[in-house]
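Spelled out, the chains give:
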Amino acid sequence: MQALKTENLLPDNAGVARVVEIWRGGGLVAFPTETVYGLGADARNSTAVAKIYAAKSRPSFNPLIVHVADLEMAQSIAVFDDEALKLAEAFWPGPLSLVLPVRENTGLSDLVTAGLDTVAIRIPKNSLAQELLRAFGGPVAAPSANRSGKISPTSAAHVVEELDGLIDAIVDGGECSVGLESTILKPGEPTALLRHGGVPKEAIEAVLGSALFDNENPDSPISPGQLASHYAPSVAVDLNVTAPQTNALWLGFGAQAEAADCNLSPSGNLTEAATNLFAYLRELDQLASQKGKAKIIVSPIPNTGLGAAINDRLTRSAAPRP
Ligand code: TXA
Ligand code: MG
């Protein structure tokens, strides 16, 4: 791909105006959300959406999440039943994506839905993301702004490491507060949890008053986020390790991991651990290369609340690489 001069934009009025101009012109801009930085394009422009796949070197066309500013725009794209509305009211804006029947003639590119009759949609909470979406006034398709299979970016600097020269611009909105991708739900009977993420399963079940079908939906398309190996540092990753090893750097969790090189949350707070996860994996990966260490070892993480999503990402980062 031809190298572009990637513009570094500030989160001010001029920056917002420039993002809108680039999106209207069919370009790619990485922008912050509360989960991770997204690589956004006009979801109605197939040429622009195709550029997302090229920039990420994504091996195949998988459906993308559509980001909108408000429920009105969401409802112009997808059909919401009572349950979907209940979930939207409880968790939007926020780190939840809903897979819903797509309306006809919405103008969405087929590359966004991958030809499915459903669309994944969300309203992000990050204030800069909201400002950009309102100013653009249309749907923005955005996967995480990393190269395919790599660690998701939670700061503008991470996006520069991944995609500088491959995209039109990056707008810097600081660090992502949640740090893990959105939870993906497909409302139905029962509602299916397609991906663990920033809204814990327990919080969703409390709102619905019923249990989620917590299994990778056999009908859902295979996508990078669901591949066994994803979020992969360049060195190997070993999980559930409780003591230091000489050839490894230790990503700890909790007070027991006193000797860790880096601790996701010394106090054992899962929200803090989620926020730090991708940034610390990235840091330890770089440090491992510098120090000639062969792997990253990781403390056990409790599998409740956000721990389920953290363990999902860690398992994929530790999986055998293709
Ligand atoms: O937090 C997030 O969700 C981030 C930020 C940027 O918003 N975005 C993100 O997008 O993680 P991406 O492309 O990495 O993940 C999209 C996921 C994939 O696992 C895909 O299978 C699923 O959404 N998906 C999209 N449309 C779908 C559909 N119609 N049916 C089932 N799954 C769908
Ligand atoms: Mg991703």
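The structure this text deals with has already been given above.
Below is a short write-up of the structure. Note that the structure is a prediction, hence the values are computed from the model and not measured.

Assignment of secondary structure puts Asn126 in the loop between β6 (118-122) and α6 (127-136). At 2.9 Å, the side chain of Asn126 and the backbone nitrogen of Leu128 are in polar contact. If we ignore the near neighbours within four places in the chain, the residues touching Asn126 are Pro32, Thr33 and Glu34.

Between helix α4 (residues 82-91) and helix α8 (residues 201-208), the shortest axis-to-axis distance is 10 Å and the interhelical angle comes to 125°. In terms of axis orientation, α4 runs oblique to α8. For the crossing formed where α4 meets α8, the hand is right-handed. Mapping the contact onto sequence places Glu83, Lys86, Leu87, Ala90 and Phe91 in α4 and Ala203, Ile204, Val207 and Leu208 in α8.

Its twelve residues place the ends of helix α1 (residues 13-24) 17 Å apart at the C-alpha level, agreeing with the 16 Å of an ideal helix rising 1.5 Å per residue. Residues of α1 that are buried: Gly15, Val16, Val19, Val20, Ile22 and Trp23. Down the axis of α1, the buried set is contained in an arc of 165°. They therefore lie on one face. Exposed and facing more than 90 degrees away from the buried side of α1 are Asn13, Ala14 and Arg24.

What follows covers the pattern of salt bridges. Once the charged atoms of two side chains with opposite charge are near each other, the side chains can pair. Summed over the entire model, instances satisfying the criterion amount to twelve salt bridges. The closest approach of N and O atoms between Lys295 and Asp238, which form a salt bridge, is 2.9 Å. With Lys295 in strand β15 (residues 295-298) and Asp238 in strand β12 (residues 236-238), this pair connects stretches of sequence that are 57 residues apart. Residues Asp312 and Arg316 are paired through a salt bridge, measuring 2.8 Å at the closest nitrogen-oxygen approach. Here Asp312 pairs with Arg316, and both are found in helix α10 (residues 307-318), just four residues apart, close to one helical turn. We note that Asp312, like Arg316, is buried. Residues joined by salt bridges that share partners form a network here, namely Arg147, Glu161, Glu162 and Arg282.

Strand order across the open sheet formed by eleven strands is β1-β8-β2-β3-β7-β4-β6-β5-β9-β10-β11, with mixed pairing between neighbours. For this open sheet the edge positions go to β1 (7-9) and β11 (213-214), each flanked by a neighbour on one side alone. In terms of strand pairing, strand β2 (residues 29-31) meets strand β8 (residues 169-171) through two bridges, oriented parallel. Note on β8: the bridge partner recorded for Val29 is Ala169. Here helix α2 (residues 46-56) sits on the sheet in contact with β3 (38-42) and β7 (140-141), set at roughly 155° to β3.

Conventions we followed
Residues numbered from 1 in each chain as written. Chains lettered and ligands numbered in written order. Predicted model: local features only at pLDDT ≥ 70, side-chain atom pairs only at ≥ 80, totals over all residues. Heavy atoms only, no water. Helix = DSSP H or I, 4+ residues; strand = E, 2+ residues; numbered from the N terminus. Polar contact = N/O pair within 3.5 Å; in protein donor to acceptor, adjacent residues only side chain to side chain. Contact = heavy atoms within 4.5 Å. Axes fitted to C-alpha atoms, helices over the stretch in contact; angles between N-to-C directions. Parallel < 35°, antiparallel > 145°, perpendicular 65-115°, else oblique. Left-handed = near helix turned anticlockwise from the far one by under 90°. Expected span 1.5 Å × (residues − 1). Buried < 20%, exposed > 50% of the residue type's maximum accessible area, 1.4 Å probe, protein only. Arc of directions from axis to C-beta. Salt bridge = Lys/Arg side-chain N within 4 Å of Asp/Glu carboxyl O. Pairing = 2+ DSSP bridges.

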